[in-house]
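Fold and geometry: a report
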Amino acid sequence: MKEKELKYFKKLLTSWLDDLLTHADSTMSGLRESDEALPDPLDRAVFDSERNFTLRIRDRESMLIKKIRKSLEDIEEGVYGTCESCGEDISIERLKARPVTRHCIRCKTQIETMEKLTGT
Ligand SMILES: [Zn+2]
């Protein structure tokens, strides 16, 4: 990958990460503020399900944060944009659509087909 492209993805991933981290902070403080004693069991149930929902989003966000951090490491090591399975270059178009991807479209399709076949 050209240096210009690496810089582009580094900037993209860094600002994405910043966004997520800022957002994660506000989700956390939102949880704390509303975490009061709710005497009504129905209120409590609604609050619990809302909180579970928030925690699920946060789980997904922290997964994404890990992936972005890994991609940024790859950029530093100069291996960003290389498919983990076949070692070939991942197309720029694919990386622009999914900057944290670790597989080229061919391998990704194969993995997904395998997952469908094995039911995992
Ligand atoms: Zn591949």
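First things first, this report covers the structure right here in the doc.

Now for the overall build of the chain. Counting secondary structure elements, the chain contains four helices and zero strands. When the helices and strands of the chain are listed from N to C terminus, the series reads α-α-α-α. Looking at the 120 residues of the chain, the share that counts as buried comes to 8%.

Below, the discussion takes up the nonpolar core. Membership of the largest hydrophobic core is limited to seven residues, which are Phe9, Leu13, Ile68, Tyr80, Ile90, Leu95 and Cys104. When residues of this core are assigned to domains, at least three fall in each of domain 1 (1–80) and domain 2 (82–120). The contact partners of Ile90, leaving out residues within four places of it in the chain, are Gly81, Thr82, Cys83, Leu95, Thr101 and Cys104.

The next point concerns helix H4 (residues 105–118). For H4, which comprises 14 residues, the first-to-last C-alpha distance of 20 Å matches the rise-based estimate of 20 Å (1.5 Å per residue) to within 8%. The buried count for H4 comes to zero of 14 residues, which makes it a mostly uncovered element. Positive phi appears at Gly119, one or two residues downstream of H4, with a value of about 75 degrees.

The subject of this paragraph is the environment of Met1. Following the sequence through the fold, Met1 ends up in the segment before helix H1 (3–34). Sequence separation between Met1 and Ile92 is 91 residues; the distance between their C-alpha atoms is 8.8 Å. Ignoring anything within four residues of it in the chain, the contact list for Met1 reads Leu6, Tyr80 and Gly81.

Once that is clear, we can look at helix H2 (residues 41–77). Here H2 contains 37 residues, and its C-alpha end-to-end distance of 53 Å stays within 8% of the 54 Å for a straight helix at 1.5 Å per residue. Counted residue by residue, H2 has two buried out of 37 residues, so it is predominantly exposed. One or two steps after H2, the chain reaches Gly78, where phi turns positive at roughly 75 degrees.

Conventions and cut-offs
- Residues numbered from 1 in each chain as written.
- Predicted model: local features only at pLDDT ≥ 70, side-chain atom pairs only at ≥ 80, totals over all residues.
- Helix = DSSP H or I, 4+ residues; strand = E, 2+ residues; numbered from the N terminus.
- Buried ≥ 20, exposed ≤ 12 C-beta atoms within 10 Å, placed from the backbone.
- Core = buried A, V, L, I, M, F, W, Y, C linked by C-beta atoms within 7 Å.
- Domains from an automatic or database assignment.
- Contact = placed C-beta atoms within 7 Å.
- Expected span 1.5 Å × (residues − 1).

It is worth stressing that arrangement in space is one thing and function is another; only the former is reported here.
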